[in-house]
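Fold and geometry: a report
The chain contents come next:
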Amino acid sequence: MMAVENESRTVVVIGAGPAGAIASALLKRKGHDVLVLERQRFPRFSIGESLLSHCLDFIEEAGMLDAIENAGFQIKHGAAFAWGERSTDIDFRDGFTAGKGSTFQVERGKFDKILADEAERQGVEIRYEQQVVAGDFNASHPQLRVKRVNDGEEYLINCSFVLDASGYGRVLPRLLDLERPSDFPARKALFTHVEDHIDSPAFNRERILITTHPQLRDVWYWTIPFSNGRTSIGVVADAKRFEGLGHDPEVCLRELIQQAPSLNSILTNAIWDTPVSSLGGYSANVKQLHGPGYALLGNAAEFLDPVFSSGVTIAMRSASMAAEVLHRQLSGEAVDWQSQFAQPLKRGVDTFRAYVEGWYDGSFQDVIFFENADPHIRRMISSILAGYAWDQSNPYVAEPKRRLKVLAQLCSPTEQGPL
Ligand code: FAD
């Protein structure tokens, strides 16, 4: 092990993805010393390309909004849903909660690099290709062991506090035995990017398109157009649904798209030029979001499901909330991470959870595809889908399960099938 003499920092952030970039910049802006350790070199591919409006609030808070707005990303005003001949459109600009309406669809390699570069521009030190491999949280100050990826050399860093923003790396949940299985069944996604050549006048590039499989309501597809004529496409299903479709992920994805005629016709001229990737078992949870000397952000803590594109927004919201509590702690205030961070964060996550569950059991899909929706209720739903899942003045946030149940009963057609 290489000894770096008594390296000692105030805050160490593990991972320079959206959670790490936002948290580190916010702490730096409040005057704290922050070091970010990132295992990879940026830009690097990441999935999660459709943003919600609310995440722009945190990008703005971190002083990065101009950089994102000027990057040429595809503007997004909402979400379109399709099932057989049914379709519906949710416009985030028509919402119940005061806040941002429009947002973006982003190539994550480029997006994440802009956020990290903006954090660096504000004075955050980011060390790339440095992997956190061990941590000791038993002493009065945490100590991390870090491996340099290029030569395998290891060194130690002492600090006052660690924010784990390592995403699917889940560094501290693994090292500190914090992992708890998700309540969701093991689902799997197959996805790729295509040169889309979409010429259907019905297709709106300023929306994510969510298509439900005509017969299997728990199987759904995303279509996320970018500003450069390319589109991210993917399908999500219970892992068991892929059995019997063969081992070649491209054959599987093409077969499943053919089973959804409306989507198949939109993608009819697409040029498939990128290998299809597969990702499974991504839903995850933890026993606790914080402990002595650490807190968990974004996907390092919990990941629900991709269906409402909530991942980046939850990651940034957790980063903003943790940065605020940590700032007060470092300033000498007594703080309570459970009541000031974990519980309020979880309230919004649980709102998303209720609608994700409703999506897969079909009840929220009945609401989405209901043709005579009350415009006032629709605005409340629109705000949740835009990411404002923490606004307790929205009745569908305050009591998500009960409200959704009642609404779904009103919207449920008798044995509805695709028209
Ligand atoms: P990440 O973006 O994963 O960043 C973590 C960083 O930590 C990485 O750069 C990694 O290299 C680094 N790291 C890991 N281990 C270590 C280590 N040991 N040492 C140092 N660094 C380390 N979200 C949306 O908002 N919109 C979507 O449309 C969407 N679609 C999705 C589709 C699918 C199929 C899936 C699975 C997820 C989707 N998500 C979506 C979720 C989204 O991918 C994540 O929620 C989001 O990337 C979380 O950000 P993060 O900052 O927590 O972690």
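Just above, that's the structure.
The following paragraphs examine the structure supplied in this document. Since the structure is predicted, the reported quantities are computational estimates derived from the model, not experimental observations.

Some points on the site of the ligand
Close to the ligand lie 37 residues, the nearest being Glu 38, Ile 47, Ser 50, Asn 299 and Val 312. Here Arg 39 contributes a backbone N or O atom positioned 3.1 Å from a nitrogen atom of the ligand. Within the contact set of the ligand, an oxygen atom lies 2.7 Å away from a backbone nitrogen or oxygen of Ile 47. Bound to the protein, the ligand loses 97% of the 1,000 Å² it would expose on its own. Listing elements by their share of the shell around the ligand, those giving two or more residues are α1 (18-29), β2 (34-38), β8 (130-136), α8 (298-301) and α9 (311-330). Split into classes, the residues belonging to the shell around the ligand amount to 18 nonpolar, 14 polar and five charged.

A few points about unusual backbone geometry
Cis geometry is found at the peptide bond from Phe 42 to Pro 43, where omega equals 0°. In this fold, Pro 43 is placed in the loop between β2 and α2 (55-61). One non-glycine residue, Glu 129, adopts positive backbone phi at about 55°.

Regarding α9
Along its 20 residues, α9 runs 28 Å from first to last C-alpha, staying within 8% of the 28 Å computed at 1.5 Å per residue. With 14 of 20 residues buried, α9 is to be regarded as a mostly interior element. Count one or two residues on from α9 and you reach Gly 332, which has phi positive near 100°.

A short note on the side chain of Thr 103
Structurally, Thr 103 can be placed in strand β6 (residues 103-105). You can call Thr 103 buried: its relative accessible area is 0%. In terms of polar contacts, Thr 103 uses its side chain to reach the backbone carbonyl oxygen of Leu 52, at 3.3 Å. Among residues more than four places away in sequence, those in contact with Thr 103 are Leu 51, Leu 52, Ser 53, Leu 56, Gln 74, Ile 75 and Lys 76.

Some thoughts on the packing of aromatic side chains
Evaluation of the coordinates by the stated rule reveals 16 aromatic pairs. Between the aromatic rings of Tyr 168 and Phe 303, the centroid separation amounts to 6.2 Å while the plane-to-plane angle is 80°, which identifies the pairing as edge-to-face. In this pair, Tyr 168 is assigned in the loop between β10 (154-164) and α5 (171-175) and Phe 303 in the loop between α8 and α9, connecting sequence segments 135 residues apart. Taking relative accessible area as the criterion, Tyr 168 reaches 39% and is therefore assigned partly exposed. Considering the side-chain rings of Phe 308 and Phe 364, the 5.6 Å spacing of their centres and the 85° angle between planes classify their relative orientation as edge-to-face. With Phe 308 in the loop between α8 and α9 and Phe 364 in helix α11 (residues 363-369), this residue pair connects regions lying 56 residues apart in the sequence. Phe 308 gets classed as buried once you look at its relative accessible area, which sits at 6%. Exposure remark for Phe 364: the relative accessible area of 1% places this residue in the buried category.

Procedures and definitions
Residues numbered from 1 in each chain as written. Predicted model: local features only at pLDDT ≥ 70, side-chain atom pairs only at ≥ 80, totals over all residues. Heavy atoms only, no water. Near = heavy atom within 4 Å. Polar contact = N/O pair within 3.5 Å; in protein donor to acceptor, adjacent residues only side chain to side chain. Areas by Shrake-Rupley, 256 points an atom, 1.4 Å probe, with all protein chains shown as cover. Helix = DSSP H or I, 4+ residues; strand = E, 2+ residues; numbered from the N terminus. Nonpolar A, V, L, I, M, F, W, Y, C, P; charged D, E, K, R; others polar. Expected span 1.5 Å × (residues − 1). Buried < 20%, exposed > 50% of the residue type's maximum accessible area, 1.4 Å probe, protein only. Contact = heavy atoms within 4.5 Å. Phe/Tyr/Trp six-rings, centres within 6.5 Å; stacked < 30°, edge-to-face > 60°.

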